[in-house]
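# Results of the structural survey
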Amino acid sequence: MRALRLLEWKSEPLLTEVDEPTPGPGQVVVRIGGAGACHSDLHLMDEFEAGVVPWNPPFTLGHENAGWVHTLGAGVTGLEVGQPVAVYGPWGCGVCARCRLGIDPYCENPAGAPVPGGGGGLGLDGGMAEYELVPDARHIVPLPDGLDPVRAAPLTDAGLTPYHAIRRSWPKLPPGSWAVVIGVGGLGHVGVQILKATTAARVIAVDTRPEALRLAEEYGADLTLLSGAETADEIRRITGRGADVVLDFVGADPTLRLGAAVARTVGDLTIVGIAGGTLPVSYFSVPYEVSIQTTYWGSRPELIEVLDLGARGLVQPKVTTFSLDEANTAYQRLREGSLEGRAVVVP
Ligand SMILES: [Zn+2]
Ligand SMILES: [Zn+2]
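About the criteria used
- Residues numbered from 1 in each chain as written.
- Chains lettered and ligands numbered in written order.
- Predicted model: local features only at pLDDT ≥ 70, side-chain atom pairs only at ≥ 80, totals over all residues.
- Heavy atoms only, no water.
- Donors = N, O, S within 2.8 Å, 3.2 Å for Na, K, Ca; no water.
- Tetrahedral: all angles 85-135°; square planar, octahedral: opposite > 155°, others 65-115°.
- Helix = DSSP H or I, 4+ residues; strand = E, 2+ residues; numbered from the N terminus.
- Buried < 20%, exposed > 50% of the residue type's maximum accessible area, 1.4 Å probe, protein only.
- Contact = heavy atoms within 4.5 Å.
- Pairing = 2+ DSSP bridges.
- Axes fitted to C-alpha atoms, helices over the stretch in contact; angles between N-to-C directions.
- Salt bridge = Lys/Arg side-chain N within 4 Å of Asp/Glu carboxyl O.
- Phe/Tyr/Trp six-rings, centres within 6.5 Å; stacked < 30°, edge-to-face > 60°.
- Core = buried A, V, L, I, M, F, W, Y, C linked by side-chain atoms within 4.5 Å.
- Expected span 1.5 Å × (residues − 1).
- Arc of directions from axis to C-beta.
- Parallel < 35°, antiparallel > 145°, perpendicular 65-115°, else oblique.
- Left-handed = near helix turned anticlockwise from the far one by under 90°.
- Nonpolar A, V, L, I, M, F, W, Y, C, P; charged D, E, K, R; others polar.

## Let's talk about the coordination of the zinc ion (ligand 2)
Taken together, Cys-93 (SG), Cys-96 (SG), Cys-99 (SG) and Cys-107 (SG) make up the full set of protein donors to the zinc ion (ligand 2), lying 2.3 to 2.4 Å away. Seen from the zinc ion (ligand 2), its four donor atoms lie at angles of 104 to 117 degrees, and the figure they make is tetrahedral.

## Thoughts on the coordination of the zinc ion (ligand 1)
Those protein atoms acting as donors to the zinc ion (ligand 1) are Cys-38 (SG), His-63 (NE2) and Asp-157 (OD), and they sit at 1.8 to 2.2 Å. Sequence positions of the donors to the zinc ion (ligand 1) reduce to the motif C-x24-H-x93-D. Remark: His-63 occurs in the loop between strand E4 (59-60) and strand E5 (65-72) and Cys-38 occurs in the loop between strand E3 (28-37) and helix H1 (39-46); sequence separation between them is 25 residues. As far as the burial class goes, Cys-38 and His-63 line up, both buried.

## Observations regarding helix H4 (residues 160-167)
The element H4 is extensively covered by neighbouring structure, given that seven of its eight residues are classed as buried. Residues of H4 that are buried include every one of Leu-160, Thr-161, Pro-162, Tyr-163, His-164, Ala-165 and Ile-166, and no others. Tucked into the core, H4 has its buried residues touching helix H5 (188-198), strand E14 (243-248), strand E15 (263-271) and helix H9 (300-311).

## Focus on the sheet that holds strand E16 (residues 291-294)
Ordered in space as E13-E12-E11-E14-E15-E16, the six strands form an open sheet in which the pairing is parallel. Taken across any chain shown, the strands that pair with only one partner, and hence form the sheet edges, are strand E13 (223-226) and E16. Put simply, the sheet's adjacent strands are angled 15 degrees from each other on average, direction ignored. In the packing of helix H7 (residues 231-239) onto the sheet, the strands contacted are strand E11 (178-182), strand E12 (202-207), E13, E14 and E15, and the crossing angle to E13 comes to about 160 degrees.

## Regarding the pattern of salt bridges
Following the criterion strictly, the structure yields 20 salt bridges and no others. For Asp-244, the salt bridge is made with Arg-241, and the minimal N-O distance between the two is 3.3 Å. Residue Arg-312 pairs with Asp-308 through a salt bridge whose shortest N-O separation is 2.9 Å.

## Describing the packing of aromatic side chains
Within the structure shown, the criterion is met by seven aromatic pairs. A ring pair is formed by Trp-9 and Phe-48, whose centres lie 5.9 Å apart and whose planes are at 50 degrees; its orientation type is tilted. Here Trp-9 is found in the loop between strand E1 (2-6) and strand E2 (14-17), whereas its partner Phe-48 is found in the loop between H1 and E4, with 39 residues between them in sequence. Accessibility classification places Trp-9 together with Phe-48 in one group, the buried group. Measuring from ring centre to ring centre gives 6.1 Å for Trp-9 and Trp-55, while their planes differ by 35 degrees; the resulting arrangement is tilted. Placement of Trp-9 in the loop between E1 and E2 and of Trp-55 in the loop between H1 and E4 is noted, with a sequence separation of 46 residues between them. Trp-9 sits in the buried class, given a relative accessible area of 13%. Joined through ring pairs, the aromatic side chains of Trp-9, Phe-48, Trp-55 and Phe-59 make up one cluster.

## Quick look at the nonpolar core
Counting 75 residues, the largest nonpolar core has Leu-44, Leu-61, Met-128, Leu-307 and Tyr-331 as the members making the most contacts within it. Of the residues forming this core, the biggest block, five residues, is contributed by E3.

## Examining the sheet that holds E1
Pairing is antiparallel in the open sheet, where three strands are placed in the order E2-E1-E4. Of all strands in the sheet, those with a lone pairing partner are E2 and E4, marking the two edges. With two bridges joining them, E1 and E4 adopt antiparallel strand pairing. Opposite Leu-6, over in E4, you have Phe-59 as the bridge partner.

## Remarks on H9
Under the 1.5 Å per step criterion, the end-to-end length of H9 is 17 Å for twelve residues, consistent within 8% with the ideal 16 Å. All of the buried residues along H9 are Arg-300, Glu-302, Leu-303, Val-306, Leu-307, Leu-309 and Gly-310. Buried residues of H9, viewed axially, fall in a sector of 160 degrees; they line one side. Gly-313, located one to two residues past H9, shows a positive phi value of around 80 degrees.

## Here we look at the packing of H4 against H5
Look at H4 against H5: their axes get within 9 Å of each other, and the N-to-C directions meet at 45 degrees. Classified by the angle between their axes, H4 and H5 sit oblique to one another. As H4 packs across H5, the resulting crossing turns out to be right-handed. For the pair H4 and H5, contact is made by Pro-162, Tyr-163 and Ile-166 and by Val-190, Gly-191, Ile-194, Leu-195 and Thr-198, respectively. Of the residues assigned to the contact of H4 with H5, the class counts are six nonpolar, two polar and no charged.

And the structure:
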């Protein structure tokens, strides 16, 4: 079969021919219907090197996958060949306290995982191929009626990651509250939809690109602001007292500064983007009781919830499809910032 593989750090992935996987006991092979192209894949190709993460190339890219059950390994029950499914992307050890709660990205026994701190497309072969080997049937989540694999694939990361970040802040988003979304790309535009679908907060979207703000508006943002020197003052003026929750989908120095400048007392500033910026925190530098946290991906129960939102049309990532031959074009457009919403590779 054909697969888009990262063969070494700091290189362009190559479309190559590899053997079709066969499932061992307890494993499942999924015929891929859609594999999302994630901004973090660009970090893998452009910046990562040996020692940054506990795994190395070669592996097939694609950590945001959905399709149909293709073959079942010995002992797998409860799934049917041909059934539409999503693949839960972070693969932990399955037995530690975090994994038992379905929070595999925070697995506390990475040495017991199929790959430490990774998953398919992150150290092991992912979904930018005709088939993906999923090492444990517990990572397979059946799709609810009304959701096809192309629309489901981005929900497993571009949907699940903002959903997790927003869900933990629900108590701070009652009617009358304000949420600020910084960065309306692949995750941010879904974040806007999730805020509107699951909270009564008013949503302000901030980006440097006018077309990203048009997308935010289309998906329900109450206000959009082109980021500039005045943005923090503008948000303070509009909200009157600051934002109850700020979600930074970029995570660079200027966006973190903006987030801290607009957060309300007792608010949340959640860093989702992995640009790696830093924010000095001291007693006097942020409003009282502001909680600053990072989040990574989401839990298996949350994936079930976000797929439900997707099936009901409440959360629908904007998708541009590409063939496997065009996958590198998709990444190039992501790199240029010329992509609206999410690129999904359909093998
Ligand atoms: Zn991702
Ligand atoms: Zn674990």
